[in-house]
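# Descriptive structure summary
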Amino acid sequence: MERISAKRTLRTYCEKYSDSEQYLKTWYDTVMSSEWKTPNDVRMTYANASILKNSRIVFNIKGNSYRLVAKFNFEKQWVFIRFIGTHLEYDKIDANTV
């Protein structure tokens, strides 16, 4: 992927939840070094990722302690972080529209 939108969101979240930092850095590095063309390509790297409608994918971070929702534009190789939160916070949102 060429570009991840909302890197600042990742940094801010890591400051708030320091135990997520290494896991989010690993996610970021993996996404940046990948050339995914389809949601199925993502699933080959992240088998537990949930593919949603509207080009959104949910990632389990730190053994499902946290959830990250990203919207993908595979053609342009862009990723937009739409949500990062605890599992409890995730349960309160609609990942298809956040």
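Quick caveat, the model's predicted, so the values are computed rather than measured.

Criteria and cut-off values
Residues numbered from 1 in each chain as written. Predicted model: local features only at pLDDT ≥ 70, side-chain atom pairs only at ≥ 80, totals over all residues. Heavy atoms only, no water. Buried < 20%, exposed > 50% of the residue type's maximum accessible area, 1.4 Å probe, protein only. Patch = residues over 30% accessible without salt bridge, like charges linked within 9 Å, V, L, I, M, F, W, Y side chains within 5 Å. Areas by Shrake-Rupley, 256 points an atom, 1.4 Å probe, with all protein chains shown as cover. Salt bridge = Lys/Arg side-chain N within 4 Å of Asp/Glu carboxyl O. Lys, Arg positive; Asp, Glu negative; His and termini not counted. Charge placed at Lys NZ, Arg CZ, Asp CG, Glu CD. Helix = DSSP H or I, 4+ residues; strand = E, 2+ residues; numbered from the N terminus. Pairing = 2+ DSSP bridges. Contact = heavy atoms within 4.5 Å. Axes fitted to C-alpha atoms, helices over the stretch in contact; angles between N-to-C directions. 1 Å grid on protein atoms, 1.4 Å probe; cavity = no way out; pocket = protein on both sides within 12 Å on 5 of 7 lines; lining within 4 Å. Points joined across faces, edges and corners; volume = space filled by probe spheres on them. Nonpolar A, V, L, I, M, F, W, Y, C, P; charged D, E, K, R; others polar.

What follows covers unusual backbone geometry. At Ser 55, a position not held by glycine, the phi torsion is positive, near 60 degrees. The backbone phi angle of Asn 64 is positive, close to 75 degrees, even though this residue is not glycine. Judged by its relative accessible area of 27%, Asn 64 is partly exposed.

Okay, a positive patch on the surface next. Together, Arg 3, Lys 7, Arg 8 and Arg 11 make up a region of like positive charge exposed at the surface. A per-element tally of the positive patch places helix 1 (residues 7-16) first, with three residues. Mapped onto the secondary structure, Arg 3 falls in strand 1 (residues 3-5).

Pairing within the open sheet is mixed, and its five strands lie in the order 1-5-4-3-2. Both outer strands of the open sheet, strand 1 and strand 2 (50-51), are each paired with one neighbouring strand and no more. Across two bridges, the pairing between strand 2 and strand 3 (residues 56-61) is antiparallel. By the bridge assignment, Ile 51 is partnered in strand 3 with Ile 57. Contacts between helix 1 and the sheet are confined to strand 1, strand 4 (66-73) and strand 5 (78-86), with strand 5 contributing the most and set at about 20 degrees to the helix.

So, on to the layout of surface pockets. Computed from the structure, the largest pocket encloses a volume of approximately 170 Å³. Residue lining of the largest pocket: Lys 7, Leu 10, Arg 11, Cys 14, Glu 15, Glu 21, Leu 24, Lys 25 and Tyr 28, and that is the complete set. Within the residue set of the lining of the largest pocket, elements represented by two or more residues are helix 1 and helix 2 (21-32). With five residues, the top contributor of residues to the lining of the largest pocket is helix 1. Partitioning the lining of the largest pocket into residue classes produces four nonpolar, no polar and five charged.

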